[in-house]
Amino acid sequence: MEKITRFIECLLPITLCNLKCPYCYVIQRHNRKMAHANLRYPVDHMVKCLSKERFGGMCFFSICGAGETMLCPELPDLVKGLLNNGHFINITTNGTITKAIDSLILKTTPDERDRLHVAFSLHYLELKNRGLLDRFFNNIARVKDAGISFVVQLNLTDEYLPYVEEIKEVVKKRLGALPQLAATRDEISLDSNIKLRTKIPQSKYNDIGASFESPLFNCTLKFFNNPPKGFCYAGKWSYVLNLQDGTLKACYASPKQINIFSNPNASISLDAVGHNCKSLFCMNSSHFLSMGVNPEIKVPSYGELRNRKTINGSFWYNETARNLLYHKLSESNQEYTTTQKLRCDIKSSLINLSYSIYTSLPHWFKTLIKKLH
């Protein structure tokens, strides 16, 4: 079976959402504008720009909005196009937009649905208070019955502490397994210090998380507030893509960016981060590191962190997802030699230096440079 060669985290800058969770990173940062993504390129052009030929093989596109992903009207056609290109797709959603879920199922073939994965974010109190719990679980059943792989993920935050046992009971009854768990960051403190969004001692927070027996939680805690080390192939094996305008970066902390939607035939001219990561932490490490972007860091695969075996012996993942998402990118890519790594580090150091110099310039001088460019 063909293996995934690239992982691409796709940002859909839609802030429109039908839920309002206090721990949402958009709300914490006061960026909830309730606005659509306003894509600047037609979907068919975007799909053409994201071909297997251009990226060197099958890609894993993980699409997530800054609001509710499935409220983007172009999403079903975009996902259909990427699946038709031969890629593997993840969609992160709050699981309440039934019309969009049905549209995805109707637009895709069984073969395409084999390469579709839905990450359901369980916003338990919002769903319960709005009477949407049944809709949430019924939509998961729709996805499962269509042969689509899925994961259910809960953010561990103080609001849920009185409901921990209730949540376990409900999810296990409806899905045959406990939800996967993620640690929740305090987004307000990211510029200076990274903290968990909780008022209880971290030891107690860890103990509550451990009761979910979630490898995803163990992974997020392991790399929380832990600066990355080793040689990172982000920029060669993985990217961050803004679907609104086609801006592509090696990772969230990378200064260099290019537009890959302006010319579908242009080569992807980015370099690996190497040993020059400038991030305080690996943003979404459970995605990038589990895909093997940094082979020196030992972490379970993407699928091992998310798939669950239910009490009746079935899995949340279909066979295709188990075959594809239990592998690392190093299995389908050649690692650099020592000399290549040295050259990459020198080049990325120069890029970081030039960016640091540029950001220190006066605003009027930056404006002049842009005009001359």
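Here, every reference points to the structure presented above.
Here's a quick rundown of the structure.

Rules and cut-offs
- Residues numbered from 1 in each chain as written.
- Predicted model: local features only at pLDDT ≥ 70, side-chain atom pairs only at ≥ 80, totals over all residues.
- Heavy atoms only, no water.
- Helix = DSSP H or I, 4+ residues; strand = E, 2+ residues; numbered from the N terminus.
- Contact = heavy atoms within 4.5 Å.
- Patch = residues over 30% accessible without salt bridge, like charges linked within 9 Å, V, L, I, M, F, W, Y side chains within 5 Å.
- Areas by Shrake-Rupley, 256 points an atom, 1.4 Å probe, with all protein chains shown as cover.
- Salt bridge = Lys/Arg side-chain N within 4 Å of Asp/Glu carboxyl O.
- Pairing = 2+ DSSP bridges.
- Axes fitted to C-alpha atoms, helices over the stretch in contact; angles between N-to-C directions.
- Buried < 20%, exposed > 50% of the residue type's maximum accessible area, 1.4 Å probe, protein only.
- Arc of directions from axis to C-beta.
- Parallel < 35°, antiparallel > 145°, perpendicular 65-115°, else oblique.
- Phe/Tyr/Trp six-rings, centres within 6.5 Å; stacked < 30°, edge-to-face > 60°.
- Lys NZ or Arg CZ within 6 Å of the ring centre and 35° of its normal.
- Expected span 1.5 Å × (residues − 1).

1. So, the side chain of S121
So, step 1. Structurally, the position occupied by S121 is in strand β4 (residues 116-121).
So, step 2. Beyond its immediate chain neighbours, meaning those up to four positions away, S121 contacts T92, T93, N94, F136 and Q153.

2. Describing a nonpolar patch on the surface
So, step 1. Taken together, the side chains of L342, I346, L350, L353 and I357 present a nonpolar region at the surface, about 500 Å² in accessible area.
So, step 2. Tracing the backbone shows L350 in helix α15 (residues 338-359).

3. Some words on the sheet that holds strand β1 (residues 6-12)
So, step 1. Taken together, 9 strands build an open sheet; the order of strands is β6-β5-β4-β3-β2-β1-β7-β8-β9 and the sheet is mixed. Each of the sheet's edge strands pairs with one partner strand only, and the pair in question is β6 (180-183) and β9 (257-259). Sheet twist, expressed as the average angle between the axes of neighbouring strands with direction ignored, equals 25°.
So, step 2. As paired strands, β4 and strand β5 (residues 149-156) are joined by 5 bridges and run parallel to one another. The residue bridging F120 from the neighbouring strand is V152, located in β5.
So, step 3. Relative to β6, helix α11 (residues 215-222) is tilted by about 15°, and along the sheet it contacts β5 and β6.

4. Comments concerning helix α10 (residues 202-210)
At 3.6 residues per turn, the α-helix brings residues three or four places apart onto the same side.
So, step 1. Every buried residue of α10 is accounted for by Y205, I208 and G209. The buried residues of α10 occupy an angular sector of 100° when projected down its axis, which confines them to one face. Residues of α10 that are exposed and point over 90 degrees away from its buried face: S203 and D207.
So, step 2. Summarising the contacts, the buried residues of α10 are in contact with β5, α9 (164-175), β6 and α11.

5. A short note on the packing of helix α5 (residues 98-107) against helix α8 (residues 133-145)
So, step 1. Across the interface, α5 lies against α8 with an axial gap of 10 Å and an inter-helix angle of 0°. By the angle between their directions, the pair α5 and α8 is classed as roughly parallel. Note on element contacts: α8 touches α5 through R135, N139, R142 and V143, opposite T98, I101, D102 and I105.

6. Brief notes about unusual backbone geometry
So, step 1. A positive phi angle, near 50°, is found at N38, a position not held by glycine.
So, step 2. Inspection of the secondary structure assignment puts N38 in the loop between α1 (25-28) and α2 (43-49).
So, step 3. Phi is positive for E213, close to 50°, though the residue is something other than glycine.
So, step 4. Position of E213 among the secondary structure elements: in the loop between α10 and α11.
So, step 5. Assessed through its relative accessible area of 61%, E213 is described here as exposed.

7. Overview of the packing of aromatic side chains
So, step 1. Under the definition given, this model contains 17 aromatic pairs.
So, step 2. The structure contains a cluster of three or more aromatic residues connected by ring pairs, namely F7, F60, F88, Y252, F288 and Y302.
So, step 3. In this structure, K168 is placed above the aromatic ring of F212, and the distance from its NZ or CZ to the ring centre is 5.0 Å.
So, step 4. A cation over a ring is seen here: K341 above F231, with NZ or CZ 5.4 Å from the ring centre.

8. Quick notes on the environment of C21
So, step 1. Mapped onto the elements of the fold, C21 is located in the loop between β1 and α1.
So, step 2. Sequence separation of C21 and M283 is 262 residues, and the distance between their C-alpha atoms is 21 Å.
So, step 3. With residues up to four places along the chain from it excluded, the contact list for C21 reads I27, H123 and E126.

9. Here's the deal with α8
So, step 1. Over its 13 residues, α8 extends 18 Å from the first C-alpha to the last, a length consistent with the 18 Å expected when each residue adds 1.5 Å.
So, step 2. Residues of α8 that are buried: L133, F136, F137, N139, I140 and V143. Mapping the buried residues of α8 onto a view down its axis gives an arc of 155°, with all of them on the same face.
So, step 3. Positive phi appears at G147, one or two residues downstream of α8, with a value of about 85°.

10. Examining the pairing of strand β2 (residues 59-65)
So, step 1. With 6 of its 7 residues buried, β2 lies for the most part within the structure.
So, step 2. Relative to β2, β1 runs parallel, the two sharing 7 bridges. Bridge pairing links R6 to C59 in β2.
So, step 3. For β2 and strand β3 (residues 88-93), the ladder comprises 4 bridges, and the chain directions are parallel. The residue of β3 that forms the bridge with S62 is N90.

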